[in-house]
Amino acid sequence: MKIINICRTGICSFLFLMVSSVSAVEYRIGDLTIKDEKSQNSITLSKDMFEKLPKSAITTSTPWLPKTTFTGVQVKDVLEAAGYHGKRLRVHALNDYWVDIPISDVENYNIILANKRGTQELRVRDFGPYFVVYPIDDHPSELTKPIYYSRSVWQVDSITVMEK
């Protein structure tokens, strides 16, 4: 009986490692998956594909950084590239943090998905590969609130477009 349990444990560990390895191979840092809740379709933009989208910049301070210029792609351009439309976005980070951002934020504040701070590419250990940036300094009375700070997601790896 002990031998069978040891074998089961070994097989389960082996399968877990195999699945983990496959998942690690499938995702590359810099891949951005955009999912559509309604159709259940998704696309993945590679880092190179993301770089080909129109660039935009926001110079602002954040609760975590002094005034800096962030460069990336407006979220509305990412959604247009994916061809998805909805009422809110569920933005997911590498550490499993997620938050819902209403489309009105995308429209009203032209938020960007930054991949650079100054001239430096964002790395995972410093807000990368992608960081949702609001123009906080342009709208301080509106955007210096905890709700907007919580929507400033870093280490973004996927966005789900929600219908409601």
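This text goes with the structure placed above it.
Enquirer: Just give me the short version of the nonpolar core, but keep the residues and values in it.
Expert: If you look at the biggest cluster of nonpolar residues, it comprises 31 residues, and the most contacted ones within it are Val78, Leu89, Leu113, Val132, Tyr134 and Val156. Elements with a contribution of two residues or more to this core: β1 (32-36), α3 (75-82), β5 (88-93), β6 (98-102), α4 (103-109) and β10 (156-162). A total of 4 residues in this core trace back to one element, the largest contributor, which is α3. Leave out the neighbours within four places in its chain, and valine 132 touches Val91, Ile101, Ile111, Ile112, Leu113, Arg151, Ser152, Val153 and Val156.

Enquirer: How would you summarise the pairing of strand β2 (residues 42-45) if you had to cite specific residues and measurements?
Expert: Where β1 and β2 come together, 4 bridges link them in antiparallel fashion. Bridge assignment links isoleucine 34 to a residue of β2, and that residue is isoleucine 43.

Enquirer: Got a sec to walk through unusual backbone geometry? Specific residues and values, please.
Expert: The peptide bond linking glycine 128 to proline 129 adopts the cis configuration, its omega dihedral lying at 10 degrees. Of note, proline 129 is situated in the loop between β8 (120-121) and β9 (131-133). In this structure, glutamine 40 takes a positive phi of about 65 degrees despite not being glycine. Here glutamine 40 lies in the loop between β1 and β2.

Enquirer: Describe the pairing of strand β7 (residues 112-117), naming the residues involved and giving the relevant values.
Expert: Note on strand geometry: in a regular strand, side chains alternate between the two faces of the sheet. For strand β4 (residues 68-74) and β7, the ladder comprises 5 bridges, and the chain directions are antiparallel. Residue pairing across strands places glycine 72 opposite alanine 114, the latter belonging to β7. By the bridge criterion, 3 bridges tie β7 to β9 in an arrangement that is antiparallel. Bridge assignment links alanine 114 to a residue of β9, and that residue is phenylalanine 131. Pairing analysis gives 2 bridges linking β7 to β8, with the strands arranged antiparallel. Following the sheet pairing, lysine 116 is matched in β8 by glutamate 121.

So, how was this worked out
- Residues numbered from 1 in each chain as written.
- Predicted model: local features only at pLDDT ≥ 70, side-chain atom pairs only at ≥ 80, totals over all residues.
- Heavy atoms only, no water.
- Core = buried A, V, L, I, M, F, W, Y, C linked by side-chain atoms within 4.5 Å.
- Buried < 20%, exposed > 50% of the residue type's maximum accessible area, 1.4 Å probe, protein only.
- Helix = DSSP H or I, 4+ residues; strand = E, 2+ residues; numbered from the N terminus.
- Contact = heavy atoms within 4.5 Å.
- Pairing = 2+ DSSP bridges.

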